[in-house]
Amino acid sequence: MTTTLKTDLTIADIVNGFAYNELEGKGLFGWSGKLVIQPEYQRNYIYADGKRDVAVVDSLLKGYPIGLIYFVKTAEGKYEVLDGQQRITSVGRFVTDKFPYTGADGRERNFTSLPADQKDLLLKTPLTIYICEGKEGEIKEWFKTINIAGVPLNEQELLNAIYSGPFVTKAKEEFSNSMKPTLQKWKAYVRGNEKRQEILREALSWVSKGDIDGYMAKHRFDADIAELKTYFSTVIDWAGTVFKGMEDEMCGLEWGRLYETYHANAYDPVAVWARVKELYADEFVRNRRGIFEYILGGEKDTRLLEIRCFDKKETKAVYAKQTAAAQKKGVSNCPLCAIGHEANAKRIWKFDEMDADHVAAWSKGGATDISNCQMLCKTHNRAKGNR
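Residues numbered from 1 in each chain as written. Predicted model: local features only at pLDDT ≥ 70, side-chain atom pairs only at ≥ 80, totals over all residues. Heavy atoms only, no water.

Novice: Explain the overall build of the protein chain here, please?
Specialist: Looking only at helices and strands, the protein chain has 17 helices and eleven strands in total. For 387 residues, the compact-globule formula gives about 21 Å, and the C-alpha radius of gyration of the protein chain, at 31 Å, lies well above that figure. By principal-axis analysis of the C-alpha atoms, the protein chain measures approximately 100 × 50 × 45 Å. For the protein chain, buried positions account for 44% of its 387 residues. Look at the contacts in the protein chain between residues 6 or more apart in sequence, and 62% of them connect residues 24 or more apart. Accessible area of the protein chain: about 19,600 Å², with a carbon and sulfur share of 52%. Across the protein chain, 56 positive and 54 negative side-chain charges occur, with their mean positions spaced 5 Å apart. (Helix = DSSP H or I, 4+ residues; strand = E, 2+ residues; numbered from the N terminus. Rg over C-alpha atoms; globule rule 2.2 N^0.38 Å. Buried < 20%, exposed > 50% of the residue type's maximum accessible area, 1.4 Å probe, protein only. Contact = heavy atoms within 4.5 Å. Areas by Shrake-Rupley, 256 points an atom, 1.4 Å probe, with all protein chains shown as cover. Lys, Arg positive; Asp, Glu negative; His and termini not counted. Charge placed at Lys NZ, Arg CZ, Asp CG, Glu CD.)

Novice: Help me understand helix H15 (residues 312-329) in this model?
Specialist: Residues separated by three or four positions in an α-helix point in the same direction, a consequence of the helix having 3.6 residues per turn. Look at H15: 26 Å from first C-alpha to last across 18 residues, which is about the 26 Å you get at 1.5 Å a residue. Of all the positions in H15, only Glu314, Thr315, Val318, Tyr319, Gln322, Thr323 and Ala326 are classed as buried. End-on view of H15: buried residues confined to an arc of 150°, all on one side of the axis. In H15, the exposed positions that point more than 90 degrees away from the buried face belong to Lys313, Lys321, Gln327 and Lys328. On its buried face, H15 sits against helix H16 (335-338), strand S10 (354-358) and strand S11 (373-377). (Expected span 1.5 Å × (residues − 1). Arc of directions from axis to C-beta.)

Novice: Could you clarify how one ought to interpret the packing of aromatic side chains in this entry?
Specialist: Any pair of aromatic rings gets described here by the distance separating the centres and the angle formed by the planes. All chains considered together, the criterion is met by 19 aromatic pairs. With a centroid separation of 5.1 Å and 85° between ring planes, the pair formed by Trp186 and Phe232 is classed as edge-to-face. Here the residue Trp186 occupies a position in helix H8 (residues 183-187), and Phe232 occupies one in helix H11 (residues 226-242), the gap between them amounting to 46 residues. On the basis of relative accessibility, which here comes to 7%, the residue Trp186 falls in the buried class. (Phe/Tyr/Trp six-rings, centres within 6.5 Å; stacked < 30°, edge-to-face > 60°.)

Novice: Could you clarify how one ought to interpret the pattern of salt bridges in this entry?
Specialist: One side chain can pair with another of opposite charge once the charged atoms of both are near each other. Evaluation of the coordinates by the stated rule reveals 22 salt bridges. Here Lys185 ties to Asp237 by a salt bridge, and the two come within 3.2 Å at their closest N and O atoms. Linking Lys185 in helix H8 with Asp237 in helix H11, this pair joins segments that are 52 residues apart in sequence. On the basis of relative accessible area, Asp237 is assigned to the partly exposed category, the value being 40%. The residue Glu260 makes a salt bridge to Lys209 at a minimum N-O spacing of 3.8 Å. (Salt bridge = Lys/Arg side-chain N within 4 Å of Asp/Glu carboxyl O.)

Novice: How should I be thinking about the packing of helix H7 (residues 166-175) against H11 in this particular structure?
Specialist: Two quantities define a packed helix pair, namely the angle between the axes and the distance from one axis to the other. The geometry of H7 relative to H11 is characterised by a closest axis approach of 10 Å and an angle of 30° between their N-to-C directions. When the interaxial angle is binned, H7 and H11 end up roughly parallel. The interaxial crossing formed by H7 with H11 has right-handed handedness. Residue-level inspection shows Phe167, Ala171, Glu174 and Phe175 of H7 in contact with H11, the latter providing Leu228, Lys229 and Phe232. Residues belonging to the contact of H7 with H11 are distributed by class as follows: five nonpolar, no polar and two charged. (Axes fitted to C-alpha atoms, helices over the stretch in contact; angles between N-to-C directions. Parallel < 35°, antiparallel > 145°, perpendicular 65-115°, else oblique. Left-handed = near helix turned anticlockwise from the far one by under 90°. Nonpolar A, V, L, I, M, F, W, Y, C, P; charged D, E, K, R; others polar.)

Next comes the structure, spelled out in structure tokens:
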């Protein structure tokens, strides 16, 4: 890859013909149509927060440089932004009056209402730009290298860069659009920032069964994303059908895995949701996020709920009482060993060789109370399970 330094362009040159897609949060074109500001391997515009975008403008109006910018030459007279699209988009949005700037006097102004000398200062700011030329692999490797600084690319943004093409274009249009009407519904189940590709990453994880890299490589040049959209919608709709209400803990669960594991089972949504509310009200349930898989799995794995255990003071008291009674009878202090016929029938186990157990299983209504506690040897406790 070769680079050529270019220092004769100003802000005015770059924002000439600036176009911005408000729906997708995407800078499109600049430099009189010669520059693609956000090629598909670039992340979405993330500076529109009233802080970072304003900071770029503030730097320019104070006469500070805004750092090196890299373009890729794609054809004669045609370029793409390799690094600097956040800064360029911020300036372009300001010059086209998309957000205001508060000056030292405390007054809030759009670009058109700035004093003439400040407009002139901003527009005449020279830029330091390197023009890069090379093969696609070289360009993208350099893209990853120069993006180590600043706001680092996350894993999905890097994969979008590596596998840029029609599939990524369509996928970003669907899953990275903050104006998408269904986005709020999705966010009830999926945690993440759509502009940082986190919703897209979850959708890809579900459809690929975790092999996002392989899936994107296989579908890179597909002209549509029908399979991705359909699978994502199917999972969301299934979750909404089985669980008729919403709780905060439902957001961010492994819905793709849960769908694959349990979607062939039949559920009564009314009964399911009633059970969710019962478990939410149960003071012994410590992990509410586990409630949903616990119910889907037929309420067999209580480990998902992290049921409150007996505390050490309680277990030591039960151990002492049990052991004293066992020694008096000449039997094991593990009740299940004591009724057996093997060598352990009279064995007195040490405290750390035993586990606290619910006499009546919690899953069958037994309370985590000292009156429902017994000490079992570790072997019998594990064998007993929820019986």
